[in-house]
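A structural walkthrough
Given next are the chains, with one letter for each unit.
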Amino acid sequence: MTESLPTVDTTLLAKVNTLSGPRVRLEPLGPQHLDAIWPGLQDHETMRLTGTRTHFEVDAVARHLAAVPSAPDRADWAIVESASGEYLGEIVLNELDETDASMNFRIALAPGAPGRGFGTEAATVVLDHAFGELGLHRVYLDVFSFNPRAQRSYEKVGFVAEGRQRHTLFWDGEWVDSILMSVLSSDPRPTFLG
């Protein structure tokens, strides 16, 4: 049986909508989030878990935040706790491959946010959007092997390990592997959709 290629609705990338889950609101990321994002960009553990070596300058981050709302090939959201308005991190779909209906997934939680289930909920909301509205077929990510907590969270929302990429990061004098994971639109996964 031959499948037809899904049509990706790129208008939803050109104008990113606010999404909601039971406890989180995902609002389009922009310059208004600079003060909330900045502490995570200075946090050693956050930088380690994401493999980020960049020393960020406030002006460069401000320019990036000003540019992402109009980027036609990605969607960036701030994760905000609905009840308190607390900034919890950011979540991103990027690296659009429209021909193959796939995008990369990335999430970075603010210091103090991990372990409370907000990342798992936000990922579920984004995957509902990716498959139910955007029309993607595949969403993929890399997670470093020294971050099993993130890998477990990704598995909870439906990501499946596809393979191990050896020595992709040299951190603190040691080589670290990364795990390639993906979820397909046809895979079983939790959802907030009716």
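Before reading further, recall that the structure is shown in the block above.
Residues take numbers from 1 onward in each chain, read along the sequence in its written order. Given that this is a predicted model, residues contribute local features only at a pLDDT of at least 70 and side-chain atom pairs are listed and counted only at 80 or more, while totals for whole chains, interfaces and linings are drawn from all residues. Hydrogens and water are ignored here; the side-chain numbers use all heavy atoms of the structure.

**What about unusual backbone geometry?**
Selection criterion: A run of H or I in DSSP counts as a helix once it spans at least four residues, and a run of E counts as a strand once it spans at least two, with each numbered from the N terminus. Exposure classes here rest on a 1.4 Å probe applied to the protein chains alone. A residue is buried below 20% of its type maximum, exposed above 50%, and partly exposed in between.
In this model, H167 sits at a positive phi of 50°, which is unusual for a non-glycine residue. Along the chain, H167 falls in strand 7 (residues 160-171). On the basis of relative accessible area, H167 is assigned to the partly exposed category, the value being 46%. The phi dihedral of D172 falls on the positive side, at around 50°, and the residue is not glycine. Here D172 shows up in the loop between strand 7 and strand 8 (174-184).

**Topic: the pairing of strand 3 (residues 75-81)**
This is how the line gets drawn: Strand pairing requires that DSSP identify at least two bridges connecting the strands.
Most of strand 3 sits inside the fold, with 7 of its 7 residues counted as buried. Both faces of strand 3 are covered, namely the face carrying A75, W77, I79 and E81 and the face carrying D76, A78 and V80. When strand 2 (residues 24-28) meets strand 3, the two strands line up antiparallel, connected through 5 bridges. Within strand 3, the position partnered with R25 by the bridge is V80. By the bridge criterion, 6 bridges tie strand 3 to strand 4 (residues 87-97) in an arrangement that is antiparallel. Paired with W77 across the bridge in strand 4 is I91. Counting the residues that bridge the hairpin from strand 3 to strand 4 gives 5 residues, and of these G85 lies at a positive phi of roughly 80°.

**Overview of the side chain of H33**
Note the threshold: Whether two residues touch is decided by their heavy atoms; if any such pair falls within 4.5 Å, the residues are in contact.
Among the secondary structure elements, H33 is positioned in the loop between strand 2 and helix 2 (34-41). In contact with H33, not counting residues within four places along its chain, are E27, P28, L65, A78 and Y87.

**Let's talk about the side chain of S178**
For the record, the criterion: For the purposes of these results, a polar contact is taken to be a pair of N or O atoms within 3.5 Å, where, inside protein, one atom must be able to donate a hydrogen and its partner to accept one; residues adjacent in sequence count only when each atom of the pair is a side-chain atom.
As for its placement among the helices and strands, S178 is situated in strand 8. Accessibility expressed as a relative area gives 3% for S178, which makes it buried. Within the structure, the side chain of S178 is placed 3.2 Å from the side chain of T168, a separation counted as a polar contact. Once residues lying within four places of it in the same chain are set aside, the contact partners of S178 are D142, V143, F144, S145, G163, R164, Q165 and T168.

**What about the packing of aromatic side chains?**
Definition in use: Note on aromatic pairs: the rings of Phe, Tyr and Trp (six-membered ring only in Trp) are paired at centre separations within 6.5 Å, and the planes decide the class, stacked below 30 degrees, edge-to-face beyond 60, tilted for the rest.
Counted by the stated rule, this structure contains 5 aromatic pairs. Ring geometry for F105 versus Y154: centroids 6.0 Å apart, planes at 85°, classification edge-to-face. Placement of the pair is F105 in strand 5 (residues 102-109) and Y154 in helix 6 (residues 148-156), with a sequence separation of 49 residues. Looking at F105, the relative accessible area reads 4%, which means it is buried. With centroids separated by 5.7 Å and ring planes inclined at 45°, the aromatic side chains of F144 and F146 adopt a geometry described as tilted.

**Digging into the sheet that holds strand 7**
Paired through backbone hydrogen bonds, the strands of a sheet run either parallel or antiparallel to each other. Selection criterion: To obtain each axis, a line is fitted to C-alpha atoms, and for helices this fit is confined to the stretch in contact; angles are then taken between N-to-C directions over 0 to 180 degrees.
In spatial order, the strands read 1-2-3-4-5-6-8-7; together these 8 strands make up an open sheet with mixed pairing. Taken across any chain shown, the strands that pair with only one partner, and hence form the sheet edges, are strand 1 (19-20) and strand 7. As paired strands, strand 6 (residues 138-144) and strand 8 are joined by 7 bridges and run antiparallel to one another. Within strand 8, the residue paired with D142 across the bridge is L180. Helix-sheet contacts for helix 5 (residues 118-134) involve strand 1, strand 2, strand 3, strand 4, strand 5, strand 6 and strand 8, and the interaxial angle to strand 4 is about 30°.

Purely geometric numbers; function is a separate question.
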